[in-house]
Amino acid sequence: MKSRIPVVLLACGSFNPITNMHLRLFEVARDHLHQTGMYQVIGGIISPVNDNYRKKDLVAAHHRVAMARLALQTSDWVRVDPWESEQVQWMETVKVLRHHHSELLRSLPQTEGLDHGRARSTAPTAVPELKLLCGADVLKTFQTPNLWKDAHIQEIVEKFGVVCVSRMGHNPKEYISGSPILHRYRHNIHLAREPVQNELSSTYVRRALSQGHSVKYLLPDAVITYIKDHNLYTRDGSCKGSGTQRNEGKTSWGEPATPPRSSS
Amino acid sequence: MENSEKTEVVLLACGSFNPITNMHLRLFELAKDYMNGTGKYRVIKGIISPVGDAYKKKGLISAHHRVIMAELATKNSEWVEVDTWESLQKEWVETVKVLRHHQEKLEAGSCDRQQDSPIPGRPGQKRKWAEQRQDFSQKKLLEPKPKDVPKVKLLCGADLLESFAVPNLWKSEDITQIVGDYGLVCITRAGNDAQKFIYESDALWKHRNNIHLVNEWITNDISSTKIRRALRRGQSIRYLVPDLVQEYIEKHDLYSYESEEKNVGVILAPLQRNTADANS
């Protein structure tokens, strides 16, 4: 019997904040890969983007990492890795993939610890693969001029592979057939379907929070408590971003001017 | 408008909750934000009332489990709770009767609570304005002002609203009472369709001021049907339902091909009852 290829899923993104939708990506992707019969998912990594990405309304990385950590407290296979967010400058996704892949290879002798004995059929010499996990909206951005380097797109789909979870309003097959590079490596792009249509996004959550509306059941309670305790995403609060150069003092973001509100 | 002038509202959600999902729980949050946001209402409680087994819906597992899952789901909620009265009845109970039951319960409770804090809440919940209310209520003594009794409203999705049109599913006098005496808070993605539906019904149109349409701007289609399907196919339901619910389902192996076959061939209780009445 052919043994399954061990896979680790890596999700890059702002996670501003992390939501149940992000957490679902991992579940859907894992189910999909398992049902192909070819893969055994042995781990998941959430890698929040560096502050220097300078996306509008991005709160400090240490908050985004902390929130992801809280969200993953109850997960037995997905973890957050702050490496990308701790670098001096923003780095391309392909470099994050390279880093985590080499880390994965470095930890090979301890693979048994990683998978908790689940991958019984893994041959000792099977090299784990690191795949980029993303939504279809990210796959679409491959088309945006100057957002990705062609060489990087190629390396991502050729050397690593992508698991793309479909979202409403997106047709990933179109994005693939519309791009020569993606089309060539389409065998390495796994399209997973999320059966539950969900338009939940961090943008929606931020907007709801700034309007004083409830976000309960859209993200883990522990994350909501953290957001309230640190006064994040309020209308007059720390997330006001103009997209231009921010001050260097990362610690000034998210620290409440008034004593933290008690969590509700 | 001061708090004391606002109408207190209790949101009641009836349904199978087979199982309860994050979407059900979101309905309460959306409804509360909306009603409070009008400035005229103050939502003080949410009630989940799982339907009894006698409803005979296909795939409906025992009320015992559905109630426990709802309780696990609302464990961390400060204002939403589960009520088992409906599920404990031997026969299926019409929604209007469940509304009536809870409204009467509130009215009875309100009379008793003249001396105490009138807010029906969880024990230990802070009642900051209790003192203010006590002064207010002592003037009335035995007779509570109608405005002081919280009003029960039916919380639902657009699917329930539109089910009013299904032949024999609802008695027309029940629909009239639901929208006339109680009121509806209906969460919908397609506000226009819901408005059209109200427009095309004389009964609903008459009481349109008592039908609050709340727009859910993002699709959040976590239906219990899809949850059950995912479970049958060995797919993860994590983050679609509260963790405690997911663990409970797994521990008790609640949903399977067999459980989905329950009540196959059996006529849904309201259809049976209303058809029988029509024929008699």
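Residues numbered from 1 in each chain as written. Chains lettered and ligands numbered in written order. Predicted model: local features only at pLDDT ≥ 70, side-chain atom pairs only at ≥ 80, totals over all residues. Heavy atoms only, no water.

### Examining the overall build of chain B
Piece 1. From N to C terminus, chain B includes 13 helices and six strands.
Piece 2. Scored against the burial criterion, the 280 residues of chain B give a buried share of 53%.
Piece 3. A fraction of 78% describes how many contacts in chain B between residues 6 or more apart in sequence connect residues 24 or more apart.
Piece 4. Per element, the accessible surface of chain B, about 13,900 Å² overall, is 49% carbon and sulfur. (Helix = DSSP H or I, 4+ residues; strand = E, 2+ residues; numbered from the N terminus. Buried < 20%, exposed > 50% of the residue type's maximum accessible area, 1.4 Å probe, protein only. Contact = heavy atoms within 4.5 Å. Areas by Shrake-Rupley, 256 points an atom, 1.4 Å probe, with all protein chains shown as cover.)

### Digging into the sheet that holds strand 1 (residues 5-13) of chain A
All names here are of chain A.
Piece 1. One open sheet accounts for six strands, arranged 3-2-1-4-5-6; its pairing is parallel. Every other strand in the sheet has two partners, leaving strand 3 (78-80) and strand 6 (189-193) as the edge strands with one partner each. With direction set aside, neighbouring strand axes in the sheet form an average angle of 25°.
Piece 2. Strand direction decides the pairing type here: strand 2 (residues 39-48) and strand 3, joined by three bridges, are parallel. By the bridge assignment for strand 3, Gly 44 is matched with Val 78.
Piece 3. Strands strand 1, strand 2 and strand 4 (129-135) of the sheet are contacted by helix 4 (residues 93-106), whose axis makes an angle of about 140° with strand 4. (Pairing = 2+ DSSP bridges. Axes fitted to C-alpha atoms, helices over the stretch in contact; angles between N-to-C directions.)

### Quick notes on unusual backbone geometry
Piece 1. That bond from Asn16(A) to Pro17(A) is cis: its omega, 5°, falls within 30 degrees of zero.
Piece 2. With respect to the helices, strands and loops of the structure, Pro17(A) is situated in the loop between strand 1 and helix 1 (20-36).
Piece 3. Even without glycine at this site, Arg54(A) takes up a positive phi of about 60°.
Piece 4. With respect to the secondary-structure elements, Arg54(A) resides in the loop between strand 2 and helix 2 (61-71).
Piece 5. On the basis of relative accessibility, which here comes to 39%, the residue Arg54(A) falls in the partly exposed class.
Piece 6. Here Lys56(B), not a glycine, exhibits a phi torsion of approximately 65°, which is positive.
Piece 7. Considering the arrangement of structural elements, one finds Lys56(B) in the loop between strand 2 (41-50) and helix 2 (63-73).
Piece 8. On the basis of relative accessible area, Lys56(B) is assigned to the partly exposed category, the value being 36%.

### Looking at the confidence of the model for chain A
Piece 1. A residue-level look at chain A finds 82% of positions with pLDDT of 70 or above and a mean pLDDT of 85.
Piece 2. Note that residues 238-264 of chain A has pLDDT below 50 and, in this model, 46 contacts with residues that lie over four places away or in other chains. (pLDDT = per-residue confidence, 0-100.)

### With respect to the side chain of Asn210(B)
Residues and elements named next belong to chain B.
Piece 1. Assignment of secondary structure puts Asn 210 in the loop between helix 9 (202-206) and strand 6 (211-215).
Piece 2. By relative accessible area, Asn 210 is classed as buried at 17%.
Piece 3. Within the local environment of Asn 210, its side chain forms a polar contact with the backbone oxygen of Val 179, the two atoms lying 2.8 Å apart.
Piece 4. A distance of 3.4 Å separates a polar side-chain atom of Asn 210 from the backbone oxygen of Gly 180.
Piece 5. Each residue touching Asn 210, except ones within four places of it in the same chain, is listed here: Lys 153, Val 179, Gly 180, Tyr 182, Gly 183 and Leu 184. (Polar contact = N/O pair within 3.5 Å; in protein donor to acceptor, adjacent residues only side chain to side chain.)

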